[in-house]
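So you can see what is in the structure, the chains are spelled out below.
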Amino acid sequence: MTTPADTVPMSRPGEVSGWPKLVVKYTTDEANIAPLLPPGLTPLDPVVQIGVYCVPILGEPEFGVSVKVPASFNGVEGAYNLGMGIDQEAAVFISGELNGQPKFLCDVEFFRLGDHVGARTVHQGYTFIEFSGEVTGVGAPVEGEFVEHEWWTKYSRAVGGAEKQYDFPPHVVDVATRFEQTHVEDVDGDLKLLDSPWDPVARYLPINEVVSSQLVTHQAKARDITNAGPLDPIAFWPHADVIGGSRWPGDRGGPRHT
């Protein structure tokens, strides 16, 4: 596929970080979303968004993958992030401790070779997402600037593990990012969710139909991370034990066996 020179984003030869983000959206059953959301967040349309990216963090490229589901909090529409697998250990723990960002270490392969786009994510020896596709043409960017709200949860259970006790009770963190899409390319591809106890995307959010696959180049205008308000700490308790740094349901930090 060829595109006019004035529609192709420019980069320096050999530059890695700052690639377009691979964004794949698919539908799942409505009943799958609500059990994954902490009480206080409301599910919206059951469209799951998988994002695979490479962005500059701490002065070097970070490869990552995120899984988000649409949800609103206090009447504001956004997306709840269930997990962000990244390949930089330095950013994992500080992100969770400061802002509740659900990061964990993950091997991420992501590339474009000509018109071929490939991605693969591996955690604890399990491949849980694979994507392979071909760019088919230039897509239509969202016109003008827009704001996306992404919800994280920040909390700390009490020292010693006392039942339903917290050192810091659960709060929702609002990540409000003002964007402008500068370039979009459509991709005809195949998304595979593979069974993994550590990243149970296939188990909890199986695919009904892929809605879109795109390479998207954003220009971020501003990003505000704020405490959006508390959640009911007792109702939240079943959601407090998660797999690693993600927000997938866990058992003492590992996978649930049921």
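These numbers come from a predicted model, not from an experiment. One numbering rule holds for all chains: residues counted from 1, following each sequence as written. Two thresholds apply to this predicted model, a pLDDT of at least 70 for residue-level local features and 80 or more for giving and counting side-chain atom pairs, whereas whole-chain, interface and lining totals are computed over all residues. Side-chain calculation: all heavy atoms of the structure are included, whereas hydrogens and water are not.

Undergrad: So what's going on with the overall build of the protein chain? Residues and values would help.
TA: Each helix is a run of DSSP H or I of at least 4 residues and each strand a run of E of at least 2, with the numbering of both proceeding from the N terminus. Counting secondary structure elements, the protein chain contains 3 helices and 14 strands. Only the C-alpha atoms count toward the radius of gyration. The rule for a globule is 2.2 Å times the residue count to the power 0.38. Against the 2.2 N^0.38 benchmark of 18 Å for 258 residues, the protein chain shows a C-alpha radius of gyration of 18 Å, consistent with a compact globule. C-alpha extents for the protein chain along the principal axes are approximately 60 × 35 × 35 Å. Each residue is placed in one exposure class: buried if its accessible area under a 1.4 Å probe, protein chains only, is under 20% of its type's maximum, exposed if it is over 50%, and partly exposed if it falls in between. The 258 residues of the protein chain split such that 45% are buried. We call two residues contacting when some pair of their heavy atoms lies within 4.5 Å. By sequence separation, contacts in the protein chain at least 24 residues apart represent 67% of the contacts at least 6 residues apart. The Shrake-Rupley method, run with a 1.4 Å probe, gives the accessible areas here. Residue values count only the displayed protein chains as cover. In the structure as shown, the protein chain presents an accessible area of about 12800 Å², 52% of it carried by carbon and sulfur atoms. For the protein chain, the distance from the average position of its 18 positive side-chain charges to the average position of its 35 negative side-chain charges is 5 Å. Note on charges: Lys and Arg go in the positive column, Asp and Glu in the negative column, and His and the chain ends are not counted at all. Positions of charges follow a simple convention, taking NZ of Lys, CZ of Arg, CG of Asp or CD of Glu.

Undergrad: Tell me what's going on with the nonpolar core, and back it up with residues and numbers.
TA: By convention a nonpolar core is built from buried Ala, Val, Leu, Ile, Met, Phe, Trp, Tyr and Cys residues, the set being connected through side-chain atoms within 4.5 Å. Counting 46 residues, the largest nonpolar core has Leu22, Leu41, Ile50 and Leu205 as the members making the most contacts within it. Looking at this core, the element that brings in the most residues is strand E4 (residues 60-73), giving 6 residues. In this structure, Leu41 is in contact with Ala71, Ser72, Phe73, Tyr80, Trp151, Val172 and Leu231, ignoring residues within four places of it in sequence. By size, the runner-up hydrophobic cluster in this structure holds 5 residues, among which are Tyr53, Met84, Ala91 and Val92.

Undergrad: Summarise the pattern of salt bridges; cite the residues concerned and give the values.
TA: In what follows, salt bridge is the name for a side-chain nitrogen of Lys or Arg lying within 4 Å of a carboxyl oxygen of Asp or Glu. Scanning the model with the defined rule gives 10 salt bridges in all. Where Glu130 meets Arg120, a salt bridge forms, and the shortest distance between an N and an O atom there is 3.7 Å. One end of the pair, Glu130, is in strand E9 (residues 126-138); the other, Arg120, is in strand E8 (residues 116-123), and 10 residues separate them in sequence.

Undergrad: Explain the pairing of strand E11 (residues 166-193) residue by residue, including any values.
TA: Only strands that DSSP links by at least two bridges are regarded as paired with each other. Relative to E11, E9 runs antiparallel, the two being bridged by 9 bridges. The residue of E11 that forms the bridge with Glu134 is Asp188. Pairing of strand E10 (residues 145-157) with E11 involves 12 bridges; the strand directions are antiparallel. By the bridge assignment for E11, Ser156 is matched with Phe168. Bridge count between E11 and strand E12 (residues 209-230): 15 bridges; the pairing is antiparallel. Across the sheet, the residue bridging to Val175 is Ile225, located in E12.

Undergrad: I'd love a proper account of the side chain of Arg247, names of residues and values included.
TA: Checked against the element boundaries, Arg247 lands in the loop between helix H3 (233-236) and strand E13 (250-251). No salt bridge forms around the buried Arg247; measuring N to O, its nearest opposite-charge neighbour Asp241 is 9.7 Å away. What qualifies as a polar contact is a pair of N or O atoms within 3.5 Å, subject to a donor-acceptor requirement within protein and to the restriction that residues adjacent in sequence count only when both atoms come from side chains. Polar side-chain contacts of Arg247 include one of 2.8 Å to the backbone oxygen of Thr153. A polar contact is formed between the side chain of Arg247 and the backbone oxygen of Gly245, at a distance of 3.3 Å.

Interpretation in functional terms is not warranted from these geometric data alone.
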